[in-house]
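# A closer look at the structure
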Amino acid sequence: MNTSGYAADQGLRLIPFRGLRYVPERVGSLAAVTSPPYDVVVRPDGLHHLESADPYNIVRLILPQAGTAAERHHQAAETLKRWLAEGVLAPDPVPALYVYEQSAGDLLQRGVIGALGLSPAADGIVLPHEDVMADVVEDRADLMRTAAAHFEPLLLSYAGDGGPAGATAVIERVVKRLPLLTTTTDDGFGHRLWAVTDPAEQAEIASDLARRQALIADGHHRWATYLRLQREQSAPGPWDFGLVLLVDTARYPLQVRGIHRLLRRLPVADALAALGEGFRVRTVEGPLPRALDLLAEAAKEGNAFVLAGDGRFHLVDRPDERLLARTIRADRPAAWRALDATVLHSTLLDSVWRIPDAPEHISYIHDTAAAVEQAERHDATAVLMHPVREDVVRDLARRGVTMPRKSTSFGPKPATGLVLRSLHTD
């Protein structure tokens, strides 16, 4: 168990901060200025939709558009300064922790947003479970450094004990009060936010979390970015903390979905032909939900994927054991070797299809229908993934074993734009 340095009194350190929030009177609506996390926005269609929703949509900060990376990041910094000067965004008067609620139908998720003390994985306090891509960390670091801001909270999970006091108990009391904001976004999710400014309640939350260990559910690249920027500082300060949403999954279990791959330069016919005798391949009837149901059934027996992009669905399963033995590292735990993402990257992408893991070759898409639509539009291949169970993810993370990048999608993810953190204000 990778908990070197972890002890009951050396857990999560969550502190209040002066949140930057949209001034409702200056924007069309709060829903119109929010966005999914930067890596969930389907570009370019989703980006154009968000940009046209409101001139102050947060996407202009998290995904600025310009000719070069340096120009994009400078543009985001200047946009943030202008919005602050114009009163579009304003800091809250006093430091606060924020209770955040998302709801849709029977789904209800609540957590607390704050500035979390940073710690390396070796400390066993905040556990990553996925590898990261250096170019993405570089891009996010340049953006955060230039803007001196955290635009969107990471999603972290921890297991509370259901006691009468602590973070979750405070949350249950706070949600009975009048919220700071209420809005419903286009995806049907309702969002509410409360500020916790009472020092006694802040201390109750902090004391509880100081005994906890968290799993990064969503935001590995941003967490790696936080750590990178912290290492650049010569003295303690606001860069020692990062903006996060902490959810007690013993009270509010997260949903886990797969993240799909779009193989931009590989037509489906070529992908299928290259499989040879290494996998069983069956063309299955649609529509998409039925294909996903068949994928779920096949996944009970072992590794399985659905390939799409030619107007049909192809179920790929039962990989040849000799092929797996030849292409997958033997120095990792059996649970890691059996992951669909491991088989996809080590066996299919690296060995069978020989596709570099680079943006011009592979896109990572959270929305299943969008992955299929883009594959059909560009004569490409969408590889649809079945989600990994959360207990498998947490067990590997505690053992210090990271999964292939973009292996899981935990949710619901916090909407971007409801509360931001300025490193200057903080």
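Heads up: the structure comes first, above all this text.
Heads up: these notes are all about the structure in this document. Note that this is a predicted model, so its numbers are computed, not measured.

What counts as what
Residues numbered from 1 in each chain as written. Predicted model: local features only at pLDDT ≥ 70, side-chain atom pairs only at ≥ 80, totals over all residues. Heavy atoms only, no water. Helix = DSSP H or I, 4+ residues; strand = E, 2+ residues; numbered from the N terminus. Buried < 20%, exposed > 50% of the residue type's maximum accessible area, 1.4 Å probe, protein only. Lys, Arg positive; Asp, Glu negative; His and termini not counted. Charge placed at Lys NZ, Arg CZ, Asp CG, Glu CD. Salt bridge = Lys/Arg side-chain N within 4 Å of Asp/Glu carboxyl O. Contact = heavy atoms within 4.5 Å. Pairing = 2+ DSSP bridges. Axes fitted to C-alpha atoms, helices over the stretch in contact; angles between N-to-C directions. Polar contact = N/O pair within 3.5 Å; in protein donor to acceptor, adjacent residues only side chain to side chain. Expected span 1.5 Å × (residues − 1). Parallel < 35°, antiparallel > 145°, perpendicular 65-115°, else oblique. Left-handed = near helix turned anticlockwise from the far one by under 90°. Nonpolar A, V, L, I, M, F, W, Y, C, P; charged D, E, K, R; others polar. Phe/Tyr/Trp six-rings, centres within 6.5 Å; stacked < 30°, edge-to-face > 60°. Lys NZ or Arg CZ within 6 Å of the ring centre and 35° of its normal.

A few words now on the overall build of the protein chain. In terms of regular secondary structure, the protein chain is built from 15 helices and 21 strands. A total of 426 residues make up the protein chain; the buried ones form 55% of that total. Looking at the protein chain, you have 47 positive and 55 negative side-chain charges, and the mean spots of the two groups are 2 Å apart.

Under the criterion given, the structure shown has 34 salt bridges. The closest approach of N and O atoms between R212 and D161, which form a salt bridge, is 3.2 Å. With R212 in the loop between α7 (199–209) and β11 (214–218) and D161 in the loop between β8 (154–158) and α6 (167–174), this pair connects stretches of sequence that are 51 residues apart. Residue class for R212 comes out buried when judged on its relative accessible area of 9%. Residue classification places D161 among the exposed positions, given a relative accessible area of 52%. Here D218 and R222 are joined by a salt bridge, their closest N and O atoms 3.2 Å apart.

In this section: the environment of V244. Within the secondary structure, V244 sits in strand β12 (residues 241–248). Taking the relative accessible area as the measure of exposure, V244 reaches 0% and is therefore buried. Taking the C-alpha atoms as reference points, V244 and R337, 93 residues apart in sequence, are found 31 Å from one another. Excluding anything up to four places from it in sequence, V244 contacts L14, V112, I113, G114, L116, P153, L154 and L156.

This next bit is on the sheet that holds strand β15 (residues 280–284). Strand order in the open sheet made by the six strands is β15-β17-β16-β19-β14-β18, with antiparallel pairing throughout. The open sheet terminates on both sides in strands that have one partner only, identified here as β15 and β18 (362–365). When the angles between neighbouring strand axes are averaged without regard to direction, this sheet yields 25 degrees. In terms of strand pairing, strand β14 (residues 260–263) meets strand β19 (residues 381–384) through three bridges, oriented antiparallel. Of the residues in β19, the one forming a bridge with L263 is T381.

Time to look at the sheet that holds strand β7 (residues 149–150). The four strands lie next to each other as β3-β2-β21-β7, forming an open sheet whose pairing is antiparallel. Two strands close off the open sheet at either side, each with one partner strand: β3 (89–91) and β7. As defined by bridge partners, strand β2 (residues 19–22) adjoins β3 across three bridges and the pair is classed as antiparallel. Bridge pairing in β3 links Y22 to L89.

Locating H345 in the fold gives a position in helix α13 (residues 340–352). In this structure the side chain of H345 is engaged in a polar contact, spanning 3.0 Å, whose partner is the side chain of R261. In this view, H345 contacts R261, D350, D357, Y364, P404 and R405; residues no more than four positions away in its chain are not counted.

This next bit is on helix α10 (residues 288–299). In a regular helix each residue adds 1.5 Å, so twelve residues correspond to 16 Å; α10 covers 16 Å between its end C-alpha atoms and thus fits that length. If you follow the buried residues of α10, they end up packed against β15, β16 (304–308), β17 (313–317), α14 (368–377) and β19.

Let us look at the packing of helix α5 (residues 134–147) against helix α8 (residues 220–231). Interaxial distance between α5 and α8 falls to 9 Å at its minimum, and their mutual angle equals 60 degrees. As the angle between them shows, α5 and α8 are arranged oblique. For the element pair α5 and α8, the recorded crossing hand is right-handed. Two secondary-structure elements touch here, α5 through V136, V137, E138, R140, A141, M144 and R145 and α8 through H221, R222, A224, T225, Y226, R228 and L229. Its residues assigned to classes, the contact of α5 with α8 shows seven nonpolar, two polar and five charged.

Summarising burial for α6: six of the eight residues are buried, a large majority. Those residues of α6 that fall on the buried side of the exposure criterion are A167, T168, A169, V170, I171 and V174. Of the surrounding elements, those touching the buried residues of α6 are β4 (97–104), β5 (107–117), β8, β10 (190–196), α7 and β12.

In the contact formed by α6 and α7, the axes pass within 8 Å of each other and the chain directions differ by 145 degrees. On α7, the residues touching A167, T168, A169, V170, R173 and V174 of α6 are E201, E204, I205, D208 and L209. Here the residues of the contact of α6 with α7 sort into six nonpolar, one polar and four charged.

Using the criterion set out here, one finds four aromatic pairs in the structure. Where Y56 meets W83, the ring centres are 5.5 Å apart and the plane angle is 80 degrees; that geometry is what we call edge-to-face. Remark: W83 occurs in helix α4 (residues 69–86) and Y56 occurs in the loop between α2 (45–53) and α3 (59–62); sequence separation between them is 27 residues. For the pair shown, Y56 and W83 are each scored as buried. Each member of the aromatic cluster is reached from another via a ring pair, and the members are Y22, Y56 and W83. Positioned above the aromatic ring of Y38, the side-chain terminus of R140 is 4.1 Å from the ring centre.

The values are spatial; any link to function lies outside them.
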